[in-house]
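Close look at the chain arrangement
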Amino acid sequence: MTYEETVWVSNDTPLHDYGKVAIFLDKDPVITSHLLFIPKENTNECIAQAYKKALEWAETWILTGGIDGANIGQNVGVAAGQTVMWPHIHFIPRREGDSDKNASNGIRLSHPGGVQIDEHSKQL
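Residues numbered from 1 in each chain as written. Predicted model: local features only at pLDDT ≥ 70, side-chain atom pairs only at ≥ 80, totals over all residues. Heavy atoms only, no water.

1. Quick notes on the side chain of Gln 82
Test applied: In DSSP terms, a helix is any run of H or I states spanning at least four residues, a strand is any run of E spanning at least two, and both are numbered starting from the N terminus. Counting of polar contacts relies on pairs of N or O atoms within 3.5 Å, with two restrictions inside protein: one atom must be capable of donating a hydrogen and the other of accepting it, and residues adjacent in sequence are counted only when both atoms are side-chain atoms. By definition in these notes, contact holds between two residues if any of their heavy atoms fall within 4.5 Å.
Topologically, Gln 82 is positioned in the loop between strand E4 (69-73) and strand E5 (89-94). Within the structure, the side chain of Gln 82 is placed 2.7 Å from the backbone nitrogen of Gly 77, a separation counted as a polar contact. A distance of 2.9 Å separates a polar atom in the side chain of Gln 82 from the backbone oxygen of Val 84. Residues in contact with Gln 82, not counting those within four places in the same chain, are Asn 75, Val 76, Gly 77, Pro 87 and His 88.

Shown next, in the form of structure tokens:
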């Protein structure tokens with residue numbers, strides 16, 4: 001498969017195109033502004049550029065007050081929930097109070113065995 005053959009390119013126009021990375025809206029978003037950072041080549045260099053752009057967007061939105069945080073991550077393989085078999089980085093904007101105030105709601109809870117780590121029980 002190539003970037004041009006992906007579902008994003010065949011069904012949509014990118015919000016932004018940075019040469020090696022394009023940004024699309026997620027078609028099944030978990031929240032408004034759930035974005036996908038798609039590398040145009042399946043190489044470590046392009047995937048790293050996708051992460052870099054996602055981090056830049058998060059930092060900018062946080063600084064401008066548009067969001068309070070972001071989850072940035074990738075599902076690799078069917079067992080991890082990947083449904084489109086081309087690398088892509090999920091960018092999920094977060095806002096204070098958008099979920100359970102007693103949970104961190106971080107990436108560790110994406111696994112069924114994930115548990116909330118309380119600040120007092122962390123081990124180094």
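2. Here we look at unusual backbone geometry
To keep it simple, the criterion reads: Accessibility here uses a 1.4 Å probe with only protein chains present; expressed as a share of the type maximum, an area under 20% marks a residue as buried, one over 50% as exposed, and anything in between as partly exposed.
Although it is not a glycine, Ser 33 adopts a positive phi angle of roughly 75 degrees. Here Ser 33 is to be found in the loop between strand E2 (21-25) and strand E3 (35-39). When its relative accessible area of 26% is taken as the criterion, Ser 33 is described as partly exposed.

3. Observations concerning helix H2 (residues 44-63)
What counts is decided by this rule: Helix span, as expected, comes to 1.5 Å for every residue beyond the first. Relevant arc is that of directions from the helix axis to the C-beta atoms, nothing else.
Across its 20 residues, H2 extends 28 Å between first and last C-alpha, which sits within 8% of the 28 Å expected from 1.5 Å per residue. Those residues of H2 that sit buried are Cys 46, Ile 47, Ala 50, Lys 53, Ala 54, Trp 57 and Ala 58. Buried residues of H2, viewed axially, fall in a sector of 135 degrees; they line one side. Residues of H2 that are exposed and point more than 90 degrees away from the buried face comprise Asn 44 and Leu 63. The elements touched by buried residues of H2 are strand E1 (16-17), E2, E3, E4 and E5. After H2 finishes, the residue Gly 65 shows a positive phi value of roughly 85 degrees.

4. Details of the sheet that holds E2
Test applied: One requirement defines pairing of two strands: DSSP has to find at least two bridges between them.
Strand order in the open sheet formed by five strands is E1-E2-E3-E5-E4, and the pairing between neighbours is antiparallel. Taken across any chain shown, the strands that pair with only one partner, and hence form the sheet edges, are E1 and E4. Sheet topology note: the E4/E5 ladder contains five bridges and is antiparallel. Within the sheet, the bridge partner assigned to Ala 70 lies in E5 and is Pro 93.

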